[in-house]
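# What the coordinates show
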Amino acid sequence: MEANEEANEEACSFLSRFTEEFPAALDQGTALPLRPVSRRVSEEELQGESVELGLRLLSDRGAPSALAALLIHSAVSELLQNDLTALHCPLEDEQPVLLESERVQLLFLNALINSALHWRCSLPALPAVRPRLVSIHAIKNSRRKMEDRHVALPHFSEMFGLSDGVERSFFAVLDGHGGVDAAAFAAVQLPVVLSRQQNLQTNPEEALTQALTETDLMLQRKATRERLRGGSTAVAALFQGQRLLLAWLGDSQALLVRCGREEEVMEVHKPEREDERQRIEQLGGCVTFMGCWRVNGTYAVSRALGDFEQRPYVSSEADVVSLELRGDEDYLLLACDGFFDSVRPSSVPGLVLEALRSPPPSDAPPSEAPPSEAPPSDPQRAALTVAQTLVSRAKDEGSSDNITVMLVFLKPPLQILQESI
């Protein structure tokens with residue numbers, strides 16, 4: 001069966017199941033099938049929270065990623081055309097306009113349901129290119145709370161209605177500290193902010209760093225409004241055509257493996273890094289050793305989203321690199337420090353090959369990719385659980401921190417195995 005025919009069949013099958021569960025729009029006052037991110041949401045945060053709600057609803061039901069992106073874009077576009085004045089919360093002193101999340105997300109979900117009902121009879125054209133295979137695994141480990149978050153949007157352009165004909169996908173790992181609020185906020189809002197950058201096509205490096213800056217400013221407004229504290233590191237990857245853009249804050253990092261060899265394509269932001277130490281001290285701060293090197297005796301990273309009480313010593317200015325993809329790249333790995341503090345980058349290629357040669361573990365959780373999109377051959381099935389193998393190795397090597405690992409395969413796993421012989 002041709003790939004596009006198979007994709008259409010998968011989409012139609014999903015729409016049939018979905019519309020059996022939701023045969024009509026939800027009535028006013030009906031309990032939502034899942035809880036919104038916030039009880040109240042500002043107008044600038046609304047699109048991100050709607051996208052997040054839609055992704056949870058559809059991925060929980062096994063929606064093909066391309067169809068999910070189109071459904072969410074359709075529903076968000078319809079939602080934002082509504083007059084939402086009636087859903088405004090009573091204004092408090094010096095507070096921005098806020099919306100009641102339950103009521104506004106009911107409008108969003110009904111728009112999504114109506115699109116699904118319409119498309120069941122008339123399916124729109126799906127993206128011709130299937131997304132890259134992605135393996136993701138995250139654990140709380142020995143910590144009291146899970147403060148990591150991650151983002152995987154294989155159909156970024158379709159999700160946000162970017163009609164310039166450029167294929168894009170977006171991935172990120174965020175590692176919260178002092179609470180989960182900053183990481184959770186950035187995971188929801190950063191992709192939306194990035195999609196709004198006017199220079200995304202012409203200057204993607206600037207667009208990506210500016211998106212992190214604007215997300216940080218949005219977080220500051222929410223933190224002031226809701227008295228939130230803490231911060232988050234971030235490492236984000238944007239694939240745009242044949243270019244790979246990486247931007248980061250803090251000590252979450254990316255590792256590119258090319259022809260079986262690791263390439264460290266970035267340098268993490270830690271206080272002991274000489275240029276970071278000098279920057280902090282020139283601003284009047286200090287770097288002290290308290291079990292590890294810390295900014296003013298507090299945070300072990302020198303750049304992050306949030307951490308507003310430590311500005312300007314903890315900076316929100318991201319670094320960025322741009323790479324032209326040559327076609328010999330095996331995969332990109334994104335992970336938090338809970339992984340890299342225990343596993344050397346040089347060990348990663350061997351661990352991945354070992355995992356690809358092994359049968360998937362019997363207790364492997366379901367892949368985040370819809371089952372219908374999982375390739376049938378053994379190396380590709382094993383590839384879906386590679387991240388789980390890497391997380392287990394970090395834990396076995398002594399990591400007690402939250403651990404998140406994401407691998408974006410840039411070659412078919414079978415080809416990676418064949419080239420390793």
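Every residue gets a number counted from 1 within its own chain, in the order that chain's sequence is written. Since the coordinates come from a predicted model, pLDDT governs what is reported: local features require at least 70, and pairs of side-chain atoms require 80 or more to be given and counted, while whole-chain, interface and lining totals use all residues. To get the side-chain values, take all heavy atoms of the structure and skip hydrogens and water.

Looking at an unreviewed UniProt entry, one finds the protein chain named Protein phosphatase, Mg2+/Mn2+ dependent, 1F, with Neogobius melanostomus as its source organism.

### With respect to the overall build of the protein chain
Heads up, the condition is: Each helix corresponds to a stretch of at least 4 residues labelled H or I by DSSP, and each strand to a stretch of at least 2 residues labelled E; elements are numbered beginning at the N terminus. Radius of gyration means the value over C-alpha atoms here, while the globule rule gives 2.2 Å times the residue count to the 0.38 power. Each residue is assigned to one of three classes by its accessible area relative to the maximum for its type, calculated with a 1.4 Å probe on protein chains only: buried under 20%, partly exposed between the two thresholds, exposed over 50%. Note on contacts: a residue pair qualifies if any of its non-hydrogen atoms lie within 4.5 Å across the two residues. Reported accessibility uses the Shrake-Rupley method at a 1.4 Å probe radius. Residues are deemed covered only where the shown protein chains occlude them.
Scanning the protein chain from N- to C-terminus turns up 13 helices and 15 strands. Scaling as 2.2 N^0.38, a compact globule of 421 residues should have a C-alpha radius of gyration of about 22 Å, and the protein chain matches this with 22 Å. Expressed as a percentage of its 421 residues, the buried residues of the protein chain come to 52%. For the protein chain, contacts bridging at least 24 residues in sequence account for 73% of all contacts bridging at least 6. Taken as a whole, the protein chain presents about 19,000 Å² of accessible surface, with 47% of it coming from carbon and sulfur.

### A few points about the pattern of salt bridges
Operational definition: Here, a salt bridge means any side-chain nitrogen of Lys or Arg that lies within 4 Å of a carboxyl oxygen of Asp or Glu.
Taken as a whole and judged by the stated rule, the model has 26 salt bridges. A salt bridge links Glu10 to Arg130, with the nearest nitrogen and oxygen atoms 3.3 Å apart. On the criterion of sequence distance, the pair formed by Glu10 in helix H1 (residues 3–21) and Arg130 in the loop between helix H4 (101–119) and strand S3 (134–139) is long-range, its members being 120 residues apart. For Glu10, a relative accessible area of 14% translates into the label buried. The exposure class of Arg130 is partly exposed, given its relative accessible area of 33%. Among the charged side chains, a network of salt bridges with common partners joins Arg258, Glu263, Arg326, Asp328 and Glu329.

### Regarding the environment of Val320
The residue Val320 is located in strand S13 (residues 319–324) in this model. Given a relative accessible area of 30%, Val320 falls into the partly exposed group. Apart from residues no more than four positions distant in its own chain, Val320 is found in contact with Glu205, Thr209, Leu246, Ala247 and Trp248.

### What to know about the sheet that holds S3
Strand pairing in a sheet relies on backbone hydrogen bonds. The paired strands run either parallel or antiparallel. Keep this limit in mind: Note: two strands are recorded as paired if DSSP finds a minimum of 2 bridges between them. Axis geometry follows a simple rule: fit a line to the C-alpha atoms, using only the stretch in contact for helices, then measure angles between N-to-C directions, giving values from 0 to 180 degrees.
Reading across the sheet, the five strands line up as S3-S15-S14-S8-S9 and stay open at both edges, with antiparallel pairing between neighbours. At either margin of the open sheet sits one strand with a lone partner, and together these are S3 and strand S9 (261–264). If you compare each strand with its neighbour and ignore which way they point, the axes differ by 20° on average. Relative to strand S14 (residues 329–335), strand S8 (residues 253–258) is paired through six bridges, and the arrangement is antiparallel. In the sheet register, Gln253 faces S14, and the bridge partner there is Ala335. Lying over the sheet, helix H10 (residues 348–357) contacts S8, S9, S14 and strand S15 (403–409), oriented at roughly 105° with respect to S14.

### Notes on the nonpolar core
Where we set the bar: To define a nonpolar core, start from buried Ala, Val, Leu, Ile, Met, Phe, Trp, Tyr and Cys residues and group those joined through side-chain atoms within 4.5 Å.
Phe18, Leu58, Phe170, Leu174 and Leu194 are the most contacted members of the largest nonpolar core, which totals 73 residues. Top element by residues in this core is H4. It accounts for 10 residues. Once residues within four sequence positions are removed from consideration, Phe18 is found in contact with Leu57, Leu58, Arg61, Leu112, Ile113 and Ala116. Judged by nonpolar contacts, the second largest core, of 29 residues, contains Leu133, Val257, Ala335 and Leu384.

### Considering unusual backbone geometry
In this model, Arg311 is joined to Pro312 through a cis peptide bond whose omega is 0°. Residues other than glycine seldom take positive phi values, yet Arg227 does so here, at roughly 55°. Looking at where Arg227 falls in the secondary structure, it is placed in the loop between helix H7 (204–226) and strand S6 (231–240). You can call Arg227 exposed: its relative accessible area is 73%.

### Digging into the side chain of Gln240
For clarity, the cut-off: Polar contact is the term for a pair of N or O atoms within 3.5 Å; when the atoms are in protein, one must be able to donate a hydrogen and the other to accept it, and sequence-neighboring residues count only if both atoms are side-chain atoms.
Residue position: Gln240 is located in strand S6. By relative accessible area, Gln240 is classed as buried at 8%. For Gln240, the side chain forms a polar contact with the main-chain oxygen of Leu200, separated by 3.0 Å. With near-sequence residues (within four places) excluded, Gln240 lies in contact with Val166, Glu167, Arg168, Leu200, Gln201, Pro204 and Leu245.

### With respect to the layout of surface pockets
Put simply, the test is: Every definition here rests on a 1 Å grid over the protein atoms only: cavities are sets of points where a 1.4 Å probe fits but cannot get out, pockets are open sets enclosed by protein on both sides within 12 Å along at least five of seven lines, and lining residues have some atom within 4 Å of a point. Grid points are joined across faces, edges and corners, and a volume is the space filled by probe spheres set on the points. Residues are sorted three ways: Asp, Glu, Lys and Arg are charged, Ala, Val, Leu, Ile, Met, Phe, Trp, Tyr, Cys and Pro are nonpolar, and all the rest, Gly among them, are polar.
The calculated volume of the second largest pocket comes to roughly 610 Å³. As for the second largest pocket, its lining consists of 31 residues, and the residues nearest its centre are Val129, Arg130, Pro131, Arg132 and Glu167. At three residues, the largest contribution of residues to the lining of the second largest pocket is made by strand S5 (residues 168–177). Looking at the lining of the second largest pocket, its residues break down into 17 nonpolar, six polar and eight charged.

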